[in-house]
Amino acid sequence: MKPPHIGSVVEWHQDWSYYPLTNRDSVSILFYLDDASVENGCLQVIPRQHLQPLMDHTTGGFFRGKITEKVDESQALPLEGKAGSVIFMHCMTPHASLTNTSDKSRRTLILSYRAADAYPIYCGVMSTSADPHLRLVRGQYATAARVTERHIPIPRYETKVASLYELQEQARSAEKK
Ligand SMILES: O=C(O)CCC(=O)C(=O)O
């Protein structure tokens, strides 16, 4: 939800950093419920970066919920679209969105999918918190995990497990000090 004039900024991040899986076969589907433009904070992505290793989301060994290394924003692509537009975004695609500076709301419905054999890597309560909402929507339950990754960073929270908005806000406050 990005209400007119107050919708928060979402800083650059890759979703896989929040929920590491045994492989990268996961995608988020974003449905724009309102017309989305740069002015009301449409999604922005860095195309093709999903083929690269996960970028750093930490400082001092703690997970900050945002990319902490330099992001080449000259590559950023704003995804403007009419209400009803659908975006398919890979879990390794860096993405962000700006504040809503307009008088129009920007609402988005986001559903996340993963391959049945893309199993969550255990990293505390976050590994199981989505379980009540999980549904197998196609194919069979996987009896084995398919492991394609050799290096899987585990998000370590400095204080407590927090949402994207809380983590990014905490990181901004710490940077100002
Ligand atoms: O809706 C947005 O602007 C960003 C959403 C997002 O970053 C996410 O769901 O991971």
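Here goes a summary of the coordinates provided. If you're wondering where the values come from, they're calculated on a predicted model, not measured in any experiment.

## Some thoughts on the sheet that holds strand 9 (residues 108-114)
Pairing within the open sheet is antiparallel, and its three strands lie in the order 7-2-9. Looking at the sheet topology across the chains shown, the edges are occupied by strand 7 (86-90) and strand 9. Going across the sheet, the axis of each strand differs from the next one's by a mean of 20°, ignoring polarity. Where strand 2 (residues 26-32) and strand 9 come together, seven bridges link them in antiparallel fashion. Looking at strand 9, one finds that serine 28 is bridged to serine 112.

## Brief notes about the side chain of aspartate 34
Turning to its location among the elements, aspartate 34 is positioned in the loop between strand 2 and strand 3 (43-45). Overall, aspartate 34 belongs to the buried group, its relative accessible area being 13%. Here serine 105 takes part through its side chain, which lies 3.1 Å from a polar atom of the side chain of aspartate 34. One polar contact links the side chain of aspartate 34 to the main-chain amide nitrogen of arginine 107, over a distance of 2.7 Å. Look past the residues within four positions of aspartate 34 in its chain and what remains in contact with it is Gly81, Lys82, Ala83, Ser105, Arg106 and Arg107.

## Description of the layout of surface pockets
For the largest pocket, the calculated volume is near 1700 Å³. What lines the largest pocket is a set of 48 residues, and nearest its centre among them are Tyr19, Leu111, Ser112, Tyr113 and Ala130. Of all the secondary structure elements, the ones that give two or more residues to the lining of the largest pocket are strand 1 (10-13), strand 2, strand 8 (95-97), strand 9 and helix 1 (164-176). Sort the elements by how many residues they give to the lining of the largest pocket and strand 9 lands first, with six residues. Each residue belonging to the lining of the largest pocket can be placed in one class, and the counts come to 28 nonpolar, 13 polar and seven charged. Taken as a whole, the second largest pocket encloses approximately 180 Å³ of empty space. Lining of the second largest pocket is provided by 14 residues; of these, Glu11, Trp12, Val71, Glu73 and Ala96 occupy positions nearest its centre. Put simply, the parts of the chain that give the lining of the second largest pocket at least two residues each are strand 1 and strand 8. Looking at the lining of the second largest pocket, the element that brings in the most residues is strand 1, giving three residues.

Reading guide: rules and limits
Residues numbered from 1 in each chain as written. Predicted model: local features only at pLDDT ≥ 70, side-chain atom pairs only at ≥ 80, totals over all residues. Heavy atoms only, no water. Pairing = 2+ DSSP bridges. Helix = DSSP H or I, 4+ residues; strand = E, 2+ residues; numbered from the N terminus. Axes fitted to C-alpha atoms, helices over the stretch in contact; angles between N-to-C directions. Buried < 20%, exposed > 50% of the residue type's maximum accessible area, 1.4 Å probe, protein only. Polar contact = N/O pair within 3.5 Å; in protein donor to acceptor, adjacent residues only side chain to side chain. Contact = heavy atoms within 4.5 Å. 1 Å grid on protein atoms, 1.4 Å probe; cavity = no way out; pocket = protein on both sides within 12 Å on 5 of 7 lines; lining within 4 Å. Points joined across faces, edges and corners; volume = space filled by probe spheres on them. Nonpolar A, V, L, I, M, F, W, Y, C, P; charged D, E, K, R; others polar.

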